[in-house]
Each structure stands twice: as structure tokens, then as C-alpha cells.
Amino acid sequence: MSRISQSLLYEELRSIVGEENVVESEQEQVAHSMNCNWYTRQLWMDDEAIPVPAVGVYPHTTEHVSQIVAFAHREGIPVTPFGMGSSGMGGNVPEYGGILVDLKRMKDIVDVNEESLTATVQPGIGNWEYEDYLNERGFTSGHLPASHYSATVGGMLALRSAGRLSTAYGKIEDMILGMEVVLPTGEVVKTKPVPAHAAGPDLDQLFVGSEGAFGIITEATLKIHHFPDERRFRAILFPDFESGYTAMRKIVQKGLTPALARLYNEEETARTFKETWGVEKEGAYVILSWDGPEPVVDAKERSALEICTAEGGEDMGADRGREWWENKYADYYPNEDSVQNYQALRGGHSDGMAGTVTTSVPYDKAEEAYQAMETAFEEKFGDEYTAWIHAHFSHWYNSGTMFYSRWHIRDIPADTDMLKLYNEVWSTLVPISLEYDGVVDHHHGTGRLLGRFLRKQDEGSHDVLANIKESIDPKNIMNPGVMGLGGH
Amino acid sequence: MHIDERADEIKICAYCPLMCKNVDAFHRHDGTETSAPHIRNMMLQKILQEKENPKDHPPETHLEEAAEVLYKTTLGGESTAWCGESMDIRANMIAGRTDVVEHGYAPPAVEDVRHRSQREHNAYGEPHNQRFANIDSTVLNRFQDRTAPSVGLWIGCTTAYYEPEIFESLAAILDASDVAAGIVEEERCCGLPQYKLGLRDTALDLMEHNANAINNRGFETLVVDCPECYRALNDYYPHFGHDISPEIVHSSQFIQTLLEEGTLELNSTVSETVSYHDPYELSRHTAPIDRNEYDTSDIHEPPREVLDSIPGLHREELRHNRNKAFSCGGDIGVRKMHPDVAQKVGQTVLDEVVTAGADTVAVASPECKRHLSETITENDLNLEVASIPELVARTL
């Protein structure tokens, strides 16, 4: 921590952003320690110490952020950027105290260029608010992640987020055109929002996914799209997972670009049919959608259905696909049963925990990787606990796919060290992804939970990241501890 | 209602992955983390958990800490409207506030409302003996003089003290329809503003008084313009054991009936482009206790149908409407404790009005009228706010 006193810290920050934008309350400090990962929340519930910031500050302008960070750099004070706190990996927990920079009061939509189809926004605008604004004017960002109601655009950029329509619109790193970033020393970098260039490396991609370790994103220019004339859905039931997987790969590789493309494994298919429609069905369920002008959608849908039929798929019609879309967030609202998974208490107060591994792998390894993950999980945890894992494949690329493995453990004995068990699950599953040429994570980021695996992901790349970090943040003040880059 | 009675719902909201965070009107404009719905519920969950497993300090310690946080909401119900499980977060907050107040941790602004309500029988603290003083006495006298009318008009505090033209317009509509109505001269604040602030006892006193006063008048129908009063009399009074004899109807419903029956004719033509702003007590009602009753008695169409009956009036729908309407920030608690946020919340509604291309905001609530009018003045906007009765009365 810095040499300066708490009162001087407040005074300095007040002089930058004004008194009303420096929050000193204990409740606010606690709130800023929370996110969608359960750990700090449970520590707090158990009256144990949690990492809290020395102070929370709400800048309104890039100049504010620059001055705050320059001050922190001068004094060697850790800085944690904070959006809406929906990280599931603990990336925004102020582990080393210091200054928490909450960006929610930087939420202007600076410009929408209807000719170039770009939108320039401040980082603190919520994704729902942003998309709602665009929709009202006949546009869409094409980015609709599960955290639609709980994430800022800046936060999604910092974590390389993916939306439900990513197969057509891309992940957020495919949407970024230009950025303004305050570096860890307080200088401001601004890249031009051009569609493409060959003038050196793409600096935007250095900051997208950097989880606040390389600076604070203060403005972003993103691609937008005309809201599609036609959005059409289709549900297909395949006899088994393999046939569904093959059909999806062929559809994407033939350039039939569905926007929504979700394949469920047999367990999830059976559960979905039973719980949603009260029907016993076996097989693997696929939901597809296309966005675009009607003739284009017609043609793509027709060709895709031919592929599905050839692989033994049964057309379940448009309604079941649309129904999924209209209820796409339903699974995320906790109810009396599922709240157990969010309430993974330490010290055995609860009997359940859950988590999600998202990984991307090449097509030739994906099925094998998923099977290996499922087998390892069941072997390691299935005997001792009630444990199950299920998956869907929901982001498709020309060369590979992403699978989303949701694991659950129930009936955990009261004397279990819950944190140890939780970490064991990740230590079991993530290395399997790496073994099959996959990555640590596809769209949630690594934060404080998964950063430890990054060194093993790519040969030599983590050293490059560390060197960049050391070069642009010599005092290691910016969100220290994320991406396995070492603490403050 | 206390937090123990909301334990299951509080727990679910406390562990929600923030699914209503961006839609909460207060949080969107305030930005502090403590105004986020899940954080407010988490604070309550902590208190509940410590009640179950007492440690070395009483759970009241956390009640004191939570006090300020629980008032960082409009109670407008956006969170419930967008929630996939329709969780009644408003009920959680009211329960928490009630516990806060009963343990002596009410914020000063809430204590102030309590004192004003006890002294003057209204949350504003305006003199009770001057309750009807701002209303045109010739109009008022006609209502006071009538014996045993079958229809009553409930005036409400905001109309009585600040927006008397709403009552005067309603009176003109009734006169034009040959409906002889009376008023409840002993009327006091309906009690819902106090109840929502956690001042349960004060609210219950007001409810008991009003229930007796209303029932003594022998009306068959009581026409209520203020949505808070409407909701209180319709739902909260019976819930607390005070059945109201007359049928309670909202003014827009009553006018709609008069138009449908042909007893009210609108003669002159206006030339206005109007957007209707749904007040949350009408548009996404949450019942006092049982969250399963959510959305059972919303009033969405009568105000629109009345407006559409006005010759020459062109209505443009706001982007967020009916049960997904944005609240305007006119809630007394937010206005008193967070006036800057209340203004920003109101500005969002007005932005939608401008985007819709309207020049007038039609409201079905005197509180909305007062708050949006002030926001317009404050921001020097070229917009008008008018209540539905006023817009109708212009055509008589």
C-alpha cells in the first residue's frame, strides 16, 4: 500500500472527481468486493475478512480516470477497475485494496454513426441499456450474452465476452474497431476506429481481454448492424450427439452462418424436453436461427435443413426455437431449488455447488475433449458426492467450437472444505481442455480463479504477457493478480 | 411485513447473478453498488442468516448498516417486471425498511415523514386544516353540500395540496355527465407512502381512520385518481382488515365507463401529440404479500382508451410502456432522500417522450405530474405534463 494516509487519499481523489464521486461508506466497500463468483460473498456472510478497496471512486471522464491512475501510479496504489461486478472469475475483487474505479457513471453513448454502422460508448453503460438504445433506432450490437442485464460494455471488452448470436456476429473482440485506454501510468492511448489495417499489430486486441491489467478502457467504438428484417428460428432433433455435431460443423463450414447455434448433449436434451414440454425424447437437440433479409434467410435455412436431414435430423419446427429465444435468460434466474448452487457455503453450511467451464477446441478434438472432461469429473466426484455434468456447444467457428460444461455437486458433507473442493473441480477440468488443444476459457475470462492455468495454455505466451505487463505497468498497480500475472 | 416473512425471496434475490441490475431505475442513474438490487437483498440475507445463527453481535447491527441502502430504490418494480421469476423485490425492501424503522434506525428523512404524518395526516406535512384550501371553493362546496350521493371522489394529498386542477377537472367531467358526487371530508393520506417507507404503525393508523370515514359515507363507488391511493384502498386496506364498502375505481376507468355509456360527450377538438406515462402502481402492481398475485390487476388500457377518445388527440406510445414502463422517480422517499437521482430517473421518461415525438406527457398520477413538471422546469424543456382528467376537461 501507499505511503499516504487514508485521509490524504480521499482528499486527492475528491480534488480529481469531486466529493460526490468518492464513496467512503463501509457498505459500498463491501458491495465492491462482490461479483458472480460466490467466494467473497460467502466470506462476508460468515463474518470473515474480505478484500475491500480503501476507497471507491466514480469518474465521469477519461481525464478523471487518467488523473486517478497517474496518482495511483505515483503513489504505488493498486487500482481495480469495476463495471457491474458480474465477473464469475473474481477478476474485479479488489484483492490488494487500494482504489476501486467504478466506471458506471461513465455511461454516455457518445455517437452512433448510421452510415458507417459504428457506435462509440463510454465503458460503464450496461449492455441492456446499450442494446435497447440501438434497437430503438433500428440497430443491434449483435452481442447478447447471458450477462446482458448485468454487465457493462467496458467489462465485456475486458473479459472477451461472447453473446448468444456470436456464430454470425462474432465475439466482442470481433466487434471492436477502436478504443481509448488509460495506461497504468495515466497516459491515454487512442486507436483509430478503422475497419482494418496493416499498420503494425492491432493494439485493440492487446487490451481486449486484458482484465484491467494493462489499463482502463475509457471509450470504445464498436460495430453495429441494422436490426435484421427477418429473424428466423428452427429446432432440430438428431438421433444422437455425433450426428448433431457433424451437421452443425457442416452448416458452419459451408458458410450458412446461423446467428444462434446451440447443440445440447443427450442428457441436456432429455432434461429440456421433459422439463419444458413434458415429452420423453432421446437424441441431441439443436436450435438454429438466422438474421438477415428474408431471401437470404430462406436460402440459408433451406440449405441447412438439407444438411440436417442428411444427418438424420428431425425438424421440430420454428416455434420451439423461438420459444428458447424468448426464454433465453430463464435458466439464470435462481429459484428455490437452484439457489443452492449459488449458495455454495464454506464450512459445510450448504450441500451444493456448481460452476461452468467454457472452452474452445478444434473440431477434431472437441468431442473427445468433452467426453474426457465428463469421464474425469464423474470418476473423481461421482462416487463421493451426487455429481453431474452436462454440456451444450453454443459458439461455432470455421475451425472449431466451444463447449459449455456445467457441473454440479450436491450432498456435500458438512465438514468439507468447500473452497478446496471447488478448486479441485477446476484443477480436474481445465487441464483436460488444455490437453486437447483447448484453452483455459472461451468467454468468461480468467480473473483470479483461472489465471493459474494460463502459463500452461500456450508455449511462451504467458512470458510475453508478463513482459508487456512489466513494461507498461512497472509498479504493478493495475488489477494485480489477474491472468496469473502476480500480486501487488 | 418483516424480513422473516420474506426469507425465501430474499435469499433467492441475494444469490441471483444480478439479472435485473441494469433495469433498476435508481441503480441505473445512481451507479453506486449499494443501490444494486442484489446487494440490497444481500444485506437483508446477512441479517436473516445472523438471526438463524447468532454470533457475537446482534443482527440489529447489520440492520443499522443496511438502513441507508434499503432506501436507494424507487420501489418502482422494474426489477420484478423483468425478473424471470417475478420476484417481488419491492416487498423485500418494504419488509427490510419496516424492520429498520422498528429497531430505531430510520433515516432522518423517514422520521421526518413519520412526524409530519402524525401531526398533519399527510407525508408532506402540509396543514391538515388547509387540506382543501387550494381547491376552487365554488367547486368544492358543491361536493360538500351533497347529501347521500352514490359516487364519491377521493382527492388525495398531492392533488389537494399541489395539483388541485386535477380535482377540478374531474369535477367538471362529473358535472358534464350529470353525476352528483361527494367527497370524504375527513380524508387523510392513504397510508401507502408511509407503509412503503417502513412506517407501518403510522400507515395502519391512517388506514383505519380512512376506512371508517369512507364506509360512513355510504358511497357505492369511490373514484380515485392517485394510483397510490387506489392501490392502498383496493389491496392494502383489505389486507390489513379494513374492507372498504364502495367499489374502488381509478379515475381513468370511471371516465372510460362514462364515455362508453354515452353519458359523457367530448365536444371540442384538441390538437396535441401525447404520450401516456404508466405510473407503476397501476402498471405493474405487486400485491401486499403474495408475490404470486403479481400482475393480476394492472390498469393499462383504460387510460389509453380515454386518451384515444379525445377528438384531435394523437397518441404516441413510449418505448417502455405498460408493465415495462420506466418509473418517473416521483416516489416521496426518493424525492426526499435522493433528489438528484429522482431528477435523472424522471429525465429518462421525458427523453422517451421526446423520442416518441410527443409534446405532452399524459399522466394518471398526481405524483407523476408534480415530479415530471418539476423535472421539465429544472431542465428547461419544452414539454407539457397534463393529467388525463385535465386533458378530457379541455374538450367539454
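Residues numbered from 1 in each chain as written. Chains lettered and ligands numbered in written order. Predicted model: local features only at pLDDT ≥ 70, side-chain atom pairs only at ≥ 80, totals over all residues.

1. Concerning the overall build of chain B
Across its full length, chain B holds 20 helices and 8 strands. Overall, chain B is about 70 × 45 × 35 Å in size when its C-alpha atoms are taken along their principal axes. The proportion of buried residues among the 396 residues of chain B is 58%. Considering only intrachain contacts with a sequence separation of at least 6, the fraction spanning at least 24 residues in chain B is 78%. (Helix = DSSP H or I, 4+ residues; strand = E, 2+ residues; numbered from the N terminus. Buried ≥ 20, exposed ≤ 12 C-beta atoms within 10 Å, placed from the backbone. Contact = placed C-beta atoms within 7 Å.)

2. Thoughts on the overall build of chain A
Looking only at helices and strands, chain A features 17 helices and 18 strands. Here the C-alpha atoms of chain A give a radius of gyration of 23 Å, agreeing with the 23 Å that 2.2 N^0.38 yields for 488 residues. The principal-axis extent of the C-alpha atoms belonging to chain A is close to 70 × 60 × 45 Å. Residues classed as buried in chain A amount to 51% of the 488 residues present. Within chain A, contacts between residues at least 6 apart in sequence are counted, and of these 72% link residues at least 24 apart. (Rg over C-alpha atoms; globule rule 2.2 N^0.38 Å.)

3. So, the sheet that holds strand β3 (residues 79-82) of chain A
All names here are of chain A. An order of β1-β2-β4-β3 is seen for the 4 strands of this open sheet, with the pairing classed as mixed. Bordering the open sheet on either side are β1 (22-23) and β3, each of which pairs with just one other strand. Two strands pair when backbone bridges link them, and strand β2 (residues 55-57) and strand β4 (residues 99-102) are joined in this way by 3 bridges, in the parallel orientation. Among the inter-strand pairings, G56 is bridged to a residue of β4, identified as L100. On top of the sheet, helix α4 (residues 62-75) reaches β2, β3 and β4; it is set at about 165° to β4, its chief contact. (Pairing = 2+ DSSP bridges. Axes fitted to C-alpha atoms, helices over the stretch in contact; angles between N-to-C directions.)

4. Quick word on the sheet that holds strand β3 (residues 221-224) of chain B
Residues and elements named next belong to chain B. With respect to topology, 4 strands assemble into an open sheet ordered β2-β1-β3-β4, the strand pairing being parallel. Here the strands that pair on one side only, and so sit at the sheet edges, are β2 (181-183) and β4 (247-250). Taking the axes of each pair of neighbouring strands and ignoring which way they run, one obtains an average angle of 35° across the sheet. With 3 bridges connecting them, strand β1 (residues 151-154) and β2 associate as parallel partners. Within β2, the residue paired with G152 across the bridge is G182.

5. Focus: the domain arrangement of chain B
One frequently used descriptor of interface size is the decrease in accessible area upon assembly of the parts. Residue and element names in this part refer to chain B. Each assigned domain of chain B is listed with its residue range as follows: domain 1 (3-105), domain 2 (110-260) and domain 3 (264-393). Taken over C-alpha atoms, the centre of domain 1 sits 27 Å from the centre of domain 3. The interface of domain 1 with domain 3 comprises 19 residues on the first partner and 18 residues on the second. When contributions to the side of domain 1 that touches domain 3 are tallied by element, the ones reaching two or more residues are α2 (25-30), α5 (78-82) and α6 (89-102). Broken down by element, the residue count for the side of domain 1 that touches domain 3 peaks at 4 residues, all from α2. Of the residues belonging to the side of domain 1 that touches domain 3, the class tally is 7 nonpolar, 6 polar and 6 charged. (Domains from an automatic or database assignment. Nonpolar A, V, L, I, M, F, W, Y, C, P; charged D, E, K, R; others polar.)

6. Quick look at the pairing of β1 of chain B
Looking at chain direction, β1 of chain B and β3 of chain B are connected through 4 bridges and run parallel. Following the sheet pairing, V151 of chain B is matched in β3 of chain B by T221 of chain B.

7. Notes on helix α12 (residues 200-217) of chain B
Residues and elements named next belong to chain B. The end-to-end C-alpha distance of α12 is 26 Å, a good match for the 26 Å that 18 residues give at a rise of 1.5 Å each. By the burial criterion, the buried members of α12 are R200, T202, A203, L206, M207, N210, A211 and I214. Viewed along the axis of α12, the buried residues span an arc of 160°, placing them on a single side of the element. Facing away from the buried side of α12 by more than 90 degrees, the exposed set consists of N212 and N216. Structurally, α12 contributes buried residues whose contacts are with α6, α7 (108-120), α11 (192-196), β3 and α13 (227-239). (Expected span 1.5 Å × (residues − 1). Arc of directions from axis to C-beta.)

8. Concerning the nonpolar core
Ranked by internal contacts, the top residues of the largest apolar core, which has 179 residues, are V57, I99 and V101 of chain A. Take this core: its biggest share by element is 7 residues, from α6 of chain B. Not counting chain neighbours up to four residues away, the residues in contact with V57 of chain A comprise L13, V17, N21, V22, I68, I99, L100, V101 and D102 of chain A. Of all hydrophobic cores here, the second largest spans 61 residues; its members include L256, A304, A366 and I409 of chain A. (Core = buried A, V, L, I, M, F, W, Y, C linked by C-beta atoms within 7 Å.)

9. Looking at the domain arrangement of chain A
All names here are of chain A. What the domain assignment reports for chain A is domain 1 (6-104), domain 2 (110-226), domain 3 (230-332) and domain 4 (339-457). The distance between the C-alpha centroids of domain 1 and domain 2 comes to 23 Å. Counting residues at the interface gives 16 residues for domain 1, matched by 21 residues for domain 2. Elements supplying a minimum of two residues to the side of domain 1 that touches domain 2: α4 and β3. Ranked by the residues each element gives to the side of domain 1 that touches domain 2, the list is headed by α4, at 6 residues. Its residues placed into classes, the side of domain 1 that touches domain 2 shows 7 nonpolar, 8 polar and 1 charged.

10. Things to note about the interface of chain A and chain B
On the side of chain B, 29 residues touch chain A, which itself brings 34 residues to the contact. Listed by contribution, the elements that provide at least two residues to the side of chain A that touches chain B are α2 (26-31), α3 (39-45), α5 (127-136) and α14 (339-342) of chain A. Of all the elements, α2 of chain A adds the most residues to the side of chain A that touches chain B, at 4 residues. Split by residue class, the side of chain A that touches chain B holds 16 nonpolar, 8 polar and 10 charged.

11. Quick look at the packing of helix α3 (residues 37-52) of chain B against α6 of chain B
Residue and element names in this part refer to chain B. Between α3 and α6, the least distance of the axes is 11 Å, while the angle of their chain directions is 45°. Between α3 and α6, the interaxial angle falls into the category oblique. In the packing of α3 onto α6, the handedness of the crossing is left-handed. Residue-level inspection shows P37, R40, N41 and L44 of α3 in contact with α6, the latter providing I89, N92, M93 and G96. (Parallel < 35°, antiparallel > 145°, perpendicular 65-115°, else oblique. Left-handed = near helix turned anticlockwise from the far one by under 90°.)

12. Topic: the confidence of the model for chain B
For chain B, the mean per-residue pLDDT works out to 93, and 95% of the residues sit at or above 70. Among the scores for the predicted complex, ipTM is 0.93 and pTM is 0.95. (pLDDT = per-residue confidence, 0-100.)

13. Quick look at the environment of E111 of chain B
Turning to its location among the elements, E111 of chain B is positioned in helix α7. For E111 of chain B, a count of 14 C-beta atoms within 10 Å gives the class partly exposed.

14. Considering unusual backbone geometry
In this structure, L117 of chain A is a non-glycine residue whose phi angle is positive, near 55°. Here L117 of chain A lies in the loop between β5 (109-113) and β6 (118-121). The residue R322 of chain B is not glycine, and still its phi comes out positive at about 55°. Here R322 of chain B shows up in the loop between β6 (313-315) and α17 (332-337).

15. Brief notes about the environment of E26 of chain A
Summarising the element assignment, E26 of chain A is placed in helix α2. For the pair E26 of chain A and V52 of chain A, spaced 26 residues apart in sequence, the C-alpha separation works out to 9.0 Å.

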